[in-house]
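These are the residues of each chain, in order.
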Amino acid sequence: MKNPKTNDLVKLSFFVAIIVLLAVTPFLGYIPLGFTRATIIHIPVIIGSIMLGPFYGAFLGFVFGLTSLINNTFNPTVTSFVFTPFYSLGTYSGNFWSLVICFVPRILVGVVPHYVYRGMKKVKSNDVMALGFAGVAGSLTNTLLVMNFIYLFFGQSYAEVKDVAVSTLYGVILSVIAINGIPEAIVAGILTTAICKALLRYTGKSVLHIE
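This report concerns the structure included in the present document. What you are looking at is a predicted structure, and each value in this text was computed from that prediction instead of being measured.

**Considering helix H4 (residues 96–109)**
Taking 1.5 Å per residue, 14 residues should reach 20 Å; H4 reaches 20 Å between its end C-alpha atoms and fits that length. Buried within H4 we find Ser-98, Val-100, Ile-101, Cys-102, Phe-103, Pro-105, Arg-106 and Val-109. Against helix H2 (42–52), helix H3 (54–74), helix H5 (112–123) and helix H6 (127–162) lie the buried residues of H4. In this structure Asn-95 caps H4, since a side-chain oxygen of it lies 2.8 Å from the backbone nitrogen of Trp-97.

This is the structure:
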């Protein structure tokens, strides 16, 4: 019988491989939208958080952030300076706060779903509901923190690049959250539920790893 820690490390390696594969596959992990990119890489991070716990989940979130840093450095869009200190666009350049935006929300994507799932299971022993809420929470953690950090740390520069007035920028950010973030969260909830339920059946476990 495999040591549980060894088993978790094997699973961790599997999730890391999926994240890297998505990141290097054009139009899959990072989907270009002209001035920015959408992503589905948060989904394996969310699933890993639920199945392996917050410590390994945070590591998967760090890997997610690292792929974002590399992507925005070597394959930039006009707003990539908010995600990497190694890119500049005219007078606009990244700095330390770019690293905060790139890593902190993504690391928390690997932590929040675990506790949401665990909390929901304590309230109501229903895997479908708990998994769905955890998936939605993980996705919104990424969207809400990234967009609000951009407003907080790069508001002026981001508004100028987007060609909008600073006074209306937060309205633009709220529209991005509504148009992109909410559908992404719904998709994450559905996929998290479906994939985790399938993994449960495959492993024959009645509950996920919630230590």
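Resuming the write-up.
**Topic: the packing of H5 against H6**
Two elements in contact, H5 and H6, have axes whose closest approach is 8 Å; the angle formed by their N-to-C orientations is 150°. One way to sum up the angle between H5 and H6 is to call them roughly antiparallel. In this structure, H5 meets H6 at a crossing whose hand is right-handed. For the pair formed by H5 and H6, the contact residues are Val-112, Pro-113, Val-116, Tyr-117, Met-120 and Lys-121 on the first element and Asp-127, Met-129, Ala-130, Leu-131, Phe-133, Ala-134, Ala-137, Gly-138 and Thr-141 on the second. Along the lines of polarity and charge, the residues of the contact of H5 with H6 split into 11 nonpolar, 2 polar and 2 charged.

**Describing the environment of Leu-28**
Note that Leu-28 resides in the loop between helix H1 (4–24) and strand S1 (30–32). With 11 residues separating them in the primary sequence, Leu-28 and Thr-39 have C-alpha atoms 7.7 Å apart. Dropping the residues within four chain positions of it, Leu-28 is found in contact with Leu-22 and Ile-40.

**Concerning the environment of Asp-127**
Within the element layout of this structure, Asp-127 appears in helix H6. Given a relative accessible area of 10%, Asp-127 falls into the buried group. Separated by 2.7 Å, the side chains of Asp-127 and Tyr-117 make a polar contact.

**So, the packing of aromatic side chains**
Taken as a whole and judged by the stated rule, the model has 9 aromatic pairs. Where Phe-14 meets Phe-15, the ring centres are 5.8 Å apart and the plane angle is 65°; that geometry is what we call edge-to-face. When the ring of Tyr-151 is compared with that of Tyr-170, the centres are 4.9 Å apart and the planes differ by 65°; the resulting orientation is edge-to-face. In this pair, Tyr-151 sits in helix H6 while Tyr-170 sits in helix H7 (residues 166–203), placing the two residues 19 residues apart along the sequence. Using a relative accessible area of 30% as the deciding quantity, one classes Tyr-170 as partly exposed. Taken together, the aromatic side chains of Phe-96, Trp-97, Phe-149 and Phe-153 make up a single cluster linked through ring pairs.

**Details of the packing of H2 against H3**
Running from N to C, H2 and H3 cross one another at 165°; their axes reach a closest spacing of 7 Å. Classed by the angle they form, the pair H2 and H3 counts as roughly antiparallel. Relative to H3, the crossing made by H2 is right-handed. Facing His-42, Pro-44, Val-45, Gly-48, Ser-49 and Leu-52 of H2, the residues of H3 in contact are Pro-54, Tyr-56, Gly-57, Leu-60, Gly-61 and Phe-64. Taken together, the residues that form the contact of H2 with H3 break down as 7 nonpolar, 5 polar and no charged.

Calculation criteria
- Residues numbered from 1 in each chain as written.
- Predicted model: local features only at pLDDT ≥ 70, side-chain atom pairs only at ≥ 80, totals over all residues.
- Heavy atoms only, no water.
- Helix = DSSP H or I, 4+ residues; strand = E, 2+ residues; numbered from the N terminus.
- Expected span 1.5 Å × (residues − 1).
- Buried < 20%, exposed > 50% of the residue type's maximum accessible area, 1.4 Å probe, protein only.
- Contact = heavy atoms within 4.5 Å.
- Polar contact = N/O pair within 3.5 Å; in protein donor to acceptor, adjacent residues only side chain to side chain.
- Axes fitted to C-alpha atoms, helices over the stretch in contact; angles between N-to-C directions.
- Parallel < 35°, antiparallel > 145°, perpendicular 65-115°, else oblique.
- Left-handed = near helix turned anticlockwise from the far one by under 90°.
- Nonpolar A, V, L, I, M, F, W, Y, C, P; charged D, E, K, R; others polar.
- Phe/Tyr/Trp six-rings, centres within 6.5 Å; stacked < 30°, edge-to-face > 60°.

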